[in-house]
Amino acid sequence: MDKNGLTEKNDFRQDAGSTGSQLELTSLMAEYENQFDRSNKIDNKVYIAITFCGFLFVFIIGLFSGISQLKMPENGIQMFVSGLYILSCIAVMGAYVYVLVFFMRLLQPEQIARMDPEIMQREHLERMGEEQARLRLIALYRETINGNLARLHHRCDEFVRGLRFILWTVILAFLCYAIQILLQVMR
């Protein structure tokens, strides 16, 4: 330490920088782990949506049982409602198949980038000083996390879009059910 105390201040700045970069690295590593948890949660939600589709399928099959009970229409209104019922049943089944395929596609393995040892080996971190290696790791984690975030946001958006498809399929199924009841009342 010199008479102005500069050496002590520089050591303090270096320790503060090291502490800051260590905190940043720790934070990025935690975010990296959180991304895998979020990806797994999306998968779990997709499984739940597919399970709901199973219950919806039972309801839709019940709608198709009404087709076998159709009788020859006696007038133009019955013919129109019968045709509307058959078309709505076909539309519900088409929407259901689309929803099911949509969610099955969401279950495809997601390519979440990993910080594997090969990346670190290519960077030759072992040859760097501690602070330089830490800063390089911070940059690598940022790249990986930012790339993964874009993928996760896309998957979340797709999941929400799939939920909207389910909603419209359910609405269409209940509309079809209402037409089925109307046909029974008209007899």
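Right above here is the structure, for reference.
In what follows, the accompanying structure is described. (Residues numbered from 1 in each chain as written. Predicted model: local features only at pLDDT ≥ 70, side-chain atom pairs only at ≥ 80, totals over all residues. Heavy atoms only, no water.)

Here we look at helix α2 (residues 76-106)
- Taking 1.5 Å per residue, 31 residues should reach 45 Å; α2 reaches 45 Å between its end C-alpha atoms and fits that length.
- Listed in full, the buried residues belonging to α2 are Q78, V81, S82, Y85, S88, C89, V92, Y96, V99, F102, F103 and L106.
- Of the residues that open α2, the one with a side-chain oxygen 3.2 Å from the backbone nitrogen of I77 is N75. (Helix = DSSP H or I, 4+ residues; strand = E, 2+ residues; numbered from the N terminus. Expected span 1.5 Å × (residues − 1). Buried < 20%, exposed > 50% of the residue type's maximum accessible area, 1.4 Å probe, protein only. Polar contact = N/O pair within 3.5 Å; in protein donor to acceptor, adjacent residues only side chain to side chain.)

Section: the environment of L175
- As for its position among the elements, L175 is in helix α4 (residues 130-186).
- We classify L175 as partly exposed; its relative accessible area is 47%.

Points about a nonpolar patch on the surface
- A contiguous nonpolar surface patch, about 390 Å² in accessible area, is contributed by F174, Y177, I181 and V185.
- Looking at where Y177 falls in the secondary structure, it is placed in helix α4. (Patch = residues over 30% accessible without salt bridge, like charges linked within 9 Å, V, L, I, M, F, W, Y side chains within 5 Å. Areas by Shrake-Rupley, 256 points an atom, 1.4 Å probe, with all protein chains shown as cover. Salt bridge = Lys/Arg side-chain N within 4 Å of Asp/Glu carboxyl O.)

Description of the pattern of salt bridges
- On inspection of all chains with the given rule, the structure shows 7 salt bridges.
- Between E130 and R134 there is a salt bridge, with the nearest N and O atoms lying 3.0 Å from each other. A residue pair is termed a helical-turn pair when its members lie 3 or 4 positions apart in one helix, as E130 and R134 do in helix α4 at 4 residues.
- Assessed through its relative accessible area of 61%, E130 is described here as exposed.
- Judged by its relative accessible area of 8%, R134 falls in the buried class.
- The residue E158 makes a salt bridge to R161 at a minimum N-O spacing of 2.5 Å. One end of the pair is E158 and the other is R161, both in helix α4 and 3 residues apart, which spans about a single turn.
- In this structure E158 comes out as buried when scored by relative accessible area, which is 10%.
- With a relative accessible area of 33%, R161 lands in the partly exposed category.
- One salt-bridge network, held together by shared partners, links R105, E158 and R161.

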